[in-house]
Each structure stands twice: as structure tokens, then as C-alpha cells.
Amino acid sequence: MSLSFLRSRRRRRMAPVKAPRQLAAVTVEPSEMSEPGAILDIQNLRTTFRTDEGEVNAVDDISMTVRRGRTTCIVGESGSGKSATARSIIQVVDNPGLVEGGRILFRADPDGPVYDVAALSETGDGIRSIRGSQIGLIFQEPMSSLSPVHTIGNQIAEVLELHTELDERQIRERVIAELEAVGIPQPAERIDSYTFQLSGGMRQRAMIAMALIARPSLLIADEPTTALDVTTQAQILDLLAELKRELSMTMIFITHDLGVVAEIADDVVVMRHGKVVETGPVEQIFHDPQHPYTQELLASLPQRDVPTGRVAPPEPQSTPERVEVSGAVEEAVRHEETAGEPLLRIEGLRMEFDSVAGTMFSRREKKRIVAVNDVSLEIAAGSTLGLVGESGCGKTTLGRCVMRAYQPTAGRIHYDDGDHAVDLATLSTSELRPYRRLVRMVFQDPYGSLNPRMTVREVIGEPLRVAGIAQGSELDDRVESMLERVGLRRAMASRYPHAFSGGERQRIGIARALITDPKLVVADEAVSALDVSVRTQILELLSDLQEELGLTYLFISHDLSVVERICDRVAVMYYGNLVEEGPAASVFTDPQHGYTQALLSAVPIPDPRLRGTRPRIVYRPDEAA
Amino acid sequence: MLRFTVHRVLHVIPTLIIISIISFFIIQLPPGDFLTTQVAALEAQGESLDPAQLEALRIRYGIGEPFWVQYWKWITNIVLHGDFGLSFQYQRPVSDLISERLGLTVLLGLTTLLLTWAIALPAGVISAIKQHSPADYAISILGFVALAVPNFLAALALAYIGFRFFGQSVGGLFSAEYVNAPWSLARVLDLFGHLWIPVVVIALAGTAGIIRTTRANMLDELHKPYVTTARAKGLPEGRIIRKYPLRIALNPFVSTAGWNIPQIFDGEVIVATVLALGTTGPLLLGSLRSQDMYLAGGIILIIAVLTVVGTFISDLLLAAVDPRVRFGKA
Amino acid sequence: MTSRELPVADPENHEGGTADDLATETGRSSGDVASASQRRLIWWRFRKHRLAIIGLWLLVIMYVVALFAGFFAPFSTSSYEGQHAYHPPQLPQFSFEEGLYVHPTTGSTDLETLAPVFEENTEEFIHLRFFVHGDSYRLLGLLETDVHLFGPSEPGQRWYPLGADRTGADLLSKIIYGSQISLSIGLVGVAVSLLLGLLLGGISGYFGGTVDTVLQRVIELFMSIPTLPLWLGLAAAVPPQWGPVPTYLMITVILSLLGWTSLARVIRGRLLQIRDEDYVLAATLDGVPTGRIIFRHMVPAFTSHIIATVSLAVPAMILSETALSFLGLGLRAPAVSWGVLLQDAQSVNVIATAPWLLLPGLAVVLAVVAFNFVGDGLRDSADPYGKRAP
């Protein structure tokens, strides 16, 4: 009794009561909208980040229009100000960001009043009555964007408590219904779970439910699929498109991925360095780009054809449970002619990890996790093998086994370059030392893999120095000529890694790998952390170097378009198992294994004309077995 | 939650056993055994012990036997009979001496803990929310000073101020007329009138530490994406802070509170000595000076056990407020 | 936590680490920053902490004074004048004829109140000069000399700039000599703790597994029991007949025995973190031998953190020594430390008559605050590349 009284009092305190007056103060004539059909009209917006050392214009005098009922994609590379623009709309820019100038005209109803939301106080009731109820927001990282200590139901219900008059029981029913609508199974139970009990895809669905439960007229999705696996991304994109249609919403979708843009956008806004470079309908942007930057972006995209071969019958949209597959997964390996002798032959490789749960005094729960399960592969000398799969499939573990960063549990890794023939899997640390020069690795993270406390000269020269191959000026000379070879300047050798951009650091990483004249290079997600345009440059560098030095690559990536572009053969992994292996062309055009088909069908194709021409394939291991 | 509780209990038991071994080790540290000291003490008073009694005592304490046998006798007597041995200085059972003073010690400790929390939490939160404001700087400077002032010095200074400006009789927890009076409302009021000096002094250093952790945690949490999410829902600022960052910054706060308990007992020993309070601290110090080891060991054991129990409770509290701990995810 | 999320192609989320960030943080041009080593970067960042710089200067001054205590102190610790017990502080006066001076006093006891009374003889002057000859001492324990920085011009004359203690010795001189022990015991204690912490934390972090679990439990155990009663118990066992040097060593060992736990935790945590860094794996794959990986790649990454932690641990040691000595279980007179000096100020009655006896406490506060400032500054600037430590 008294409890419900307290609760209703709290709700009254939370309610934005002063909103009508504050909104009335910022109402403008509908004629001031630059387009009558617009839901949102941004005019000369400037958002700055104030730091102790001065101001940075994150959003620099931009204007754009979002038309009602359409999906507008804001696309750009890191630092383009796309995220800051989206957040400026409801004034939730991260500290110390501030909407500095310009107008943001928002018209929730086609015939309703027009408000300049940029003129509202950022903590006032006016903007609060719009946030969540009129404009919903979805973030990139659902794990950190949701509170870890509140149940998802609690966090979703809060929106209704705030913006509706429903009582507690009704709210709970609505939340459960909404969770069901976004495709969360057993919503009546999941409503009381915490974020860490849900998978990444489920968390993002919960986030979507939260953004949509008050039925906003505008949904802003800020890189909502960037942190997700490609198959999960496909599901979330489908879900968003479906919800948008059902609820007749308008959507602003922020992404760096042009494939995603082609998949869902109606209109596109291209941003760079805080400015709008080009706007237009998606067809025009992709097929008749005007601005050189847009052209450059599109040129850096791999042009992939639609798989024309056998297509599995479309299955109803549902969420496949990701289950641990055993040896039941059939393997589709096509043994076609291999070019040349294999440089590396992996046979029956198996890698297990112990995961210990519990503590000293409690029951020890030891679990063996099989990261790589009986994988056999061959890489021909001078060729590139692409190893693809989603997070946790064991591709990185496999790469590290080849590098002997891990001692494999079982299996053989035959290495044979004509001069040396040896099973890397069984060598001891000291026997391994000569092969450390012949088999090299390029890391994913160009920030973490270079010791920040050593100069570039020391970092690159380290393997030569410890092997006693070169010293003094000879060493310096070799390091500097290697720098030139990867497209950097000789003088940069005395700098520290922190003086370089991501792309330059990755070049340093490549230089370090190649300084020892290796035969085999394992590139583990070597371009994943880079922007699209930089990524293209690095890929080109890698293939130039391959030709020049006769290198063999094991190229590990989650990004199918990158793999297709540079690999001769492709191997697909799924939960530790190798499910398919074959020449790149045939794997991509005619995938044999159900998982490969699902994976390929989930990859967004950067061509809006092909939208909806492919069925989405969902892979269920138990059916495949 | 039940599973978690059982796990924590399993952790506490070996800790208690090791603590009791350490306590007994300290009892054994000074040269000579208890009986020799006891006899010497009695002889100094002109009394003597008859050989039969001496022999009985020798068996009772296991004098002359190996360390583990003596320890076993000592600890089983405590656990089974509540018998902590005999204080030769006071010629009374240690358990009586401790129980007389334990109530006040616990009262002092609890009051200090509550005051620490009552000051540290709001101060830490305010200085985080109003970062770089005068209030933040004032709290930070006070924190620095509070960390740097040895607590006996603070006790002396406060006692001096109390003596000089309020004419308060320093030392002790009761005014002269209430020392031996039975419990009454007036006596309780008198007690609280005296309690504030030691409580403030002991709380000082602990508060400074907790303010710093709370502030750092809050600053961390205030910029987390989930705060932006909450803001994007349209929640008012005050409620955002109360429901999300504060709630999450509370978790390390609760666990810090557990680590704070040993500090309180440390402070109690010194401050109570300076202010001559009737708690266990001065008793411990006195017993150590006169090498009255059963008394000293008993007090060390009791204080350590209290601390472990306090830490245990704060662990349970942490599990209650943080689902990640409860589900073993963090 | 989901550690196995897909790589995110959006370096907007990368924390710090770029040349521009470092340039703004250190207030240097990015050209300077590009070829600046870790030590330079830390120093540039540290220099921007004004309080830390003040603390650093204070510490430098204090340690110099402690090192040359004989020169800076007007008197030696053994010189006292019984009749001047509890003599109040004397401010130097100035006149053009006499320069800086004080008047000599004679002390007596008021027979009614039993309070000490001092009578100034305004006819005579004790001239205060720089570089005067006084009690002889050994500079740095080597050079026999009797030159003092400032004091009465004639040997044998008395002056009490900060008052006198109960024996009639100059308190300032005692504080200066006391700083030798009080300031060094923190360093020595922390050095021993560090040794233990490095050893056990290193073992724990390097081997991991069961060894790690056991050591972590032991550390938790140590942290969950009140340390002071244990100190007291152990310190009480130090035989009173021991000389000052063995007692000093013993007290240091006791303090560090119980102080290594938090250091070991920090070291283990950092070690585990660094062990998983990509650049350490990269070095392994470069064929770098284990020794070189540890000393060339891992150690430089955590020394700055360790130094910061250590500089925050020193003040705790200083406070502990003071507390132990104050309670009479640490060092004992004739050894001079700030804690020993404060023993004189144990009762309110003494303080009421001679409040200046609390001044050694002020020295403690000053030293501790200075260490805390420096430690805070170091902690904030310790890692110029990665995430900010809270």
C-alpha cells in the first residue's frame, strides 16, 4: 500500500511536467523546415568538444534532412563526426561535447508542431519528454550500454514508467510482449535476466526493445551491429527493417560499413572530418557518386558478385540456438588440384584448453574446451589461404598453433620449404628458434602489438638482434630499407610507435614480420582494426610484397569480402571444426556446407540494386548432421 | 545466493584457524614460559604457589610440550569452554577481562563504521559529480590531510581542544559520576557525549581513503555508455545518477568497507590508549608491555575474529547488491 | 565479460596513445613527442601536476636536511640544559646594532603551580649567525666538523627556535636528527616489502595456477586481519635491551612483513596484464629469449607503476613507525625519531603546558603529505600509453 504510494510519487517526480511550456518556447513555423515531408531537419549544426587545450569541432556546420518513413544512413570513417551528429539530436553527446550552434527541427507528427530541439536545455524537461518517447536510440556495444546490475526488464520498463500512465502489471506485460516482438525466446523468463546472462545478439535485441517500447517516431541506431558476428548482424538488420515497417518509423542508421548501407538505406549521408560530403538516395550514392571521397570509398570496396549457384530454400526467420557441435558436423572439402608443393601441411591438429571454474575450497569444475578440433589443411608455397569464421570458432587459435605460441594438444604441423622439412608441433623451444625467422606473424591490433617503450628501429630490429644476424649500422640499414619497402620513411626509425596512425603502425608490424626474410606469414585479422580506405592500402601492400618476395600467407579474418579479395583458397571454421575448404572462387560461388551458405548469405553486398534478391539462409547444425 | 554463502563460509574457516595459530605464536614469542612468569609475578608480590597447584597448571597449559600440543590445548579450551587462560597481571581469567570491555569496543567500532560511511559516500559522490568544483577541491584537500595526520596526533589535538575550550574531562568514555553507575538514559547520553572524539578520530583516515575510492569509481562510472543510454530514455539527471552510476559504484564501496574494518581496529588501539578509553586497545597494549601473553593473545584473537566476521558480512552484502558476484561473473 | 567480441573496425574507441593525445597531455609539440622515450613522457606529464612538483621539492629538501642533519641542526642530540626543560620557542629578534639575537633566560619552577617559569635577561644578547661553530659532529658519518648552518655565535650558548623538550634539549635539532630515522625507515621498510612483493607477486603472476591461488589466499588472509595488534605483538617481543640499530632493523622487518601484501597484489596484477599484451607475444615470436622478454619488454612496462605504488606505500610506513614508537613499542630513547619525540606529548596535561611538543607531528604530516602528492602525480602519469588508472 505505502510502497505503491511511494512508487507513484517517484513516478510523478520523474515525469517531465514542465515539458509543454519548454517545448512551446522552441516551437517554430513548419514553413521553416527545408522540406515539408521531413521529420528532422538539421541546419548548420556545430558540436564541439571542449578540452583544456582548446576546442575540437566534432560536427562542423552540417545540414541534413531526414525524410519521414525512410531509413537515412550516415556513413563515414572513424572521426568523421557521424556518431556525434546522431547524439547531438537528443543532446546526449559524451562529455565534454556540447551542441554549440545551429538548429535541429523535429516534427514528430506529420501535422504536429515543429520544435527546435537544439534550443532546449540539455537537462530540462522539454528534451526529456522527447528522449525515449519520440526519439529512440540504440548503441553499438549492448554490453556496456546496458547496466550490468539491473535486469533488462527493469531497464526497459523504466521507459514506460517515465512516458506512460500504465500501472506496474501492464508495464510488465508490455515489456514481455516487446521482448517477444524483437525475437527473444521465452520472454517471460528472460525479462528478469541480467545482461551478462545473454548473448551479444540477445543483448542487442533487448536494447532495441528498450528503444522502441514507447513507439518513437524516429529511431537512431548508432553502429548497432558493429560489435556483432556477421550472421547475427544479418538477423539484427532484418529485425530492424521489419520493425521499421511494422511500426512505420523513420530510422537514422549510423555505420562505417558500406555493405550495411546498401542493405538497408533509402537515403545516404556521407560524412568526413565533421562535414557532410555528399547526400542522396542510396541508388545514386552507389551508382553515381559525385564527390571524389565517396568515389574513393566505393572504389575501396571489393566488388563481389552474388552467389549464382545452388541456393538453399529460404527458411522462416528464427534465431538458431548456437550449440556446441561435435564431430557430427560434416566437412565439405573439395580436393581439387593444388598449385605447387605444400609449404605447410597441418594434419589432425587439435588444441584443448582447461578452463577452471570455482575456487580453492570449492568443487573444482574443470572443463576441457576444444578450440581446434582435428583440423587438416595444406598451404601451397606462394599462395594465400584464407581462414574465415566467426568469433570463437578457433581460427586465431589455429594460427597461434602454427606460430607455436601454443603447444598443440595433438596433430602435426609439417613445414617444408625445400631446405628445411620439420614437424613444428613437436619442436622444443630451442629447436624452434631457427623457424621463428621463417614463420612470422602480423597481429590484429596495431596499437597493442608494438612495444610502446621501444623505438621503431628497436621493434623491427629485435628479431635480427636476438638471432645475432645483424648489428650496428648494418642492422639499422636493414631496418630502414625495410621501412621504405612498406611505404614509410627512413627517418621514422627513431620515433616511438605512439607517433604513428593505425595504418602506419600496421605497416611497422608488417616490416617487423618481413625483416627476417620469412617464407610463411600468418596474418591474424591484420586489417580488421583499420578504416576502409587504409585497409585497401594495406591489402595492396601485402599482395605486392607477396609477389616481390614469394611469400606464403595464412590469412585469418572474419571479413569474407577481404578474404575473397586476396586469397587463393579458403577454409571455413565453425566451433573448432573445419567445415569447408576449397579454391576461393568455388567456395564463394558454390558453397557446399550449410554453414558456409549461411555465412555468405549474411554478408551484406554493397550494391543496393541487389537488395532482397538473396534469401537469407540459417544454419542449424543438427539438421546438417 | 545460498551457494555463494556456503563458499564464503568455507573460505572463512581456514582463515580463522590460521589467525588463531598466529595469535598463539605471539603468545609464545617472549622468552620463558607462562608458568615461570606467573611464579615470578606471584613471588614479587610475596606469595608462592604450592607444587601441586603448579603441576595442575602445567598440565592445564601443556607447558614443556611441543608447540602444537600447547596450541591444541589452548584453542580447544577456548572453543569448548570459552577459557582463554589466566592473566597473571590481573590474576583473573582473560575471558572476564575481555568480556568487560568488548561491548564498548564493538560499540566504538560500529559507530565509527557508520560515521565513516555516512561521511565518505556522499562526499565521494559529490566530489565526483562536481568534479573540479570548489567542493571537490575542499574534499580532496581534507582527504589528503586526514590521510596524513597520524590518528594519535588527531586524538591528542581534539582532546586538547575539548579540554581547553569545552572544559570536557578528557579520557574515558564516561564522566566521573557515571563510571560505576548502572545503565540509565543519562549514562547512555553521557557515553555518547564522550564517544564522539574517538569516533571522529578513528573515522578520519578511513573516511579519506573511502572518499578517494568512491570518487574514482564514480568518475569511471559517470562516463560509461549505460549512463548515456539512461539519459537517452529521458530520465532526469538526479535519477540517472542515483539509479545507475551510484548503484554500480556502490559495489566497490561495499567491498572497501570490508577492508576498512581492520583499519578501524588499528585506530581503536592507538586512540583508545591516548584517550584512556575502557576498551580492549589499552588492555592489549598494557598486556604487551608487561608480557601478559595469554591476555594479549586472547585480545588479538578476538579482534581478528571480529574483523574476519565483519569482512565476511561485507562480502555477503556485496553479493546481495551485485548480481555479477552472485552469479560468479566478476 | 565477452572478451571474444569481433574486432571492431572503429578506432574511435581506442584509448589515448596517439601522438596528438600525448602532445596535448604533455603540452609539447607532436614532433617532440614522436621521438620521446617513456621516461621523458612520464616526466612531462608529471611536471604538469603542480602539487606533485611541490611535494617533490619538499621531499628533496627534507632528505637533504636529514642527510646533513649535523650541519642543519643548531645543536647535537646530546646537548641539553636541565634548567631549560619545557622552554617555549624563542623567535629571533632583530636590531641594527646587534643583528639577529635572542636574550638568554634562566629557568625556575613556580612553587605554587609547579609550572616552569623563564626569566629573560634583556641586558645580554645571544647573537645568531650563519656558519657558526658549535657541537662537533661527523658530516655524512665521515668528516669531523663543528660548523652549523645557523645558531648562536658562541659555542655553549642556548637557543630554542622551536622550544625545548622535557630534558631541556632543543626540539628543532631533535626533529632534524629524528628525520634521519623517520624518513629512512619508510624507504628501507618499503624496499624490504618490495623485495617480498616482487618475489611473491612475481611467482604468483608467473606460475599462475595453484601457486597463484594459494598465494592470493594468503594475501587476502593478511589483509583481512588488523595489522596493528600484530605489529604490537611482534614489536613487544623485541628485547628492550637491544641497541638502537638492531631494534631499528627489527622494526623495519616487522613493518615490511605486514606491508608487502598490497605491493604483491599490484605486481601480480600488472604482471598478468602485461603477460597477455600482444607485444610480449610478438617478442616471443621474434625468438627473444625469456630473460630478455622479462627485462627488456615486461619490466619497463611496470616499473613506473611500481614506483608510484611504492611512493604511496612509504608514507604508510612512516606513519606506522611513528605510531609504534609513540606507543612505546617501537624505537626507544636514546634513539631519536619523530615517534620517539612524540612519546613526550602523550598526555593532555603536558600538551597544555608545552604545545610545541606536537611539532614533530607536524613534520610527520608534512612528509606524508609530500609523499602522497608525489605518489598521486606519479600514478597519474605512470602510463603515458594506455588507459588511465583510476
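What comes next concerns the included structure. (Residues numbered from 1 in each chain as written. Chains lettered and ligands numbered in written order. Predicted model: local features only at pLDDT ≥ 70, side-chain atom pairs only at ≥ 80, totals over all residues. Heavy atoms only, no water.)

A short note on the overall build of chain A
What chain A contains, in helices and strands, is 23 helices and 22 strands. Counting every position in chain A, which comprises 625 residues, the buried fraction comes to 58%. Within chain A, contacts between residues separated by at least 24 positions form 70% of all contacts whose residues are at least 6 apart in sequence. Of the accessible surface of chain A, which amounts to about 24,700 Å², a share of 47% is contributed by carbon and sulfur atoms. (Helix = DSSP H or I, 4+ residues; strand = E, 2+ residues; numbered from the N terminus. Buried < 20%, exposed > 50% of the residue type's maximum accessible area, 1.4 Å probe, protein only. Contact = heavy atoms within 4.5 Å. Areas by Shrake-Rupley, 256 points an atom, 1.4 Å probe, with all protein chains shown as cover.)

Some details on the sheet that holds strand β6 (residues 143-152) of chain C
Residues and elements named next belong to chain C. Spatially, the 4 strands line up as an open sheet ordered β1-β2-β5-β6, and their pairing is antiparallel. Looking along the sheet, the strands with just one partner apiece sit at the ends: β1 (93-95) and β6. For this sheet the average axis-to-axis angle between neighbouring strands, irrespective of direction, equals 45 degrees. The pairing of strand β5 (residues 126-139) with β6 spans 8 bridges and is antiparallel. Counted as the bridge partner of R129 is G151 from β6. (Pairing = 2+ DSSP bridges. Axes fitted to C-alpha atoms, helices over the stretch in contact; angles between N-to-C directions.)

Regarding a nonpolar patch on the surface
Residue and element names in this part refer to chain C. The grouping of W43, L56, W57, V60 and V64 at the surface amounts to a nonpolar patch, some 460 Å² of accessible area in total. With respect to the secondary-structure elements, V60 resides in helix α4 (residues 50-67). By relative accessible area, V60 is classed as partly exposed at 40%. (Patch = residues over 30% accessible without salt bridge, like charges linked within 9 Å, V, L, I, M, F, W, Y side chains within 5 Å. Salt bridge = Lys/Arg side-chain N within 4 Å of Asp/Glu carboxyl O.)

Examining the interface of chain A and chain B
Taken residue by residue, the interface counts 38 residues in chain A and 30 residues in chain B. Scanning the region where chain A abuts chain B turns up 3 salt bridges. Here chain A is connected to chain B by 12 residue pairs in polar contact (both at pLDDT 80 or more). If you tally residues by element for the side of chain A that touches chain B, the top one is helix α6 (residues 152-163) of chain A, at 6 residues. The residue makeup of the side of chain A that touches chain B, split by class, is 16 nonpolar, 13 polar and 9 charged. (Polar contact = N/O pair within 3.5 Å; in protein donor to acceptor, adjacent residues only side chain to side chain. Nonpolar A, V, L, I, M, F, W, Y, C, P; charged D, E, K, R; others polar.)

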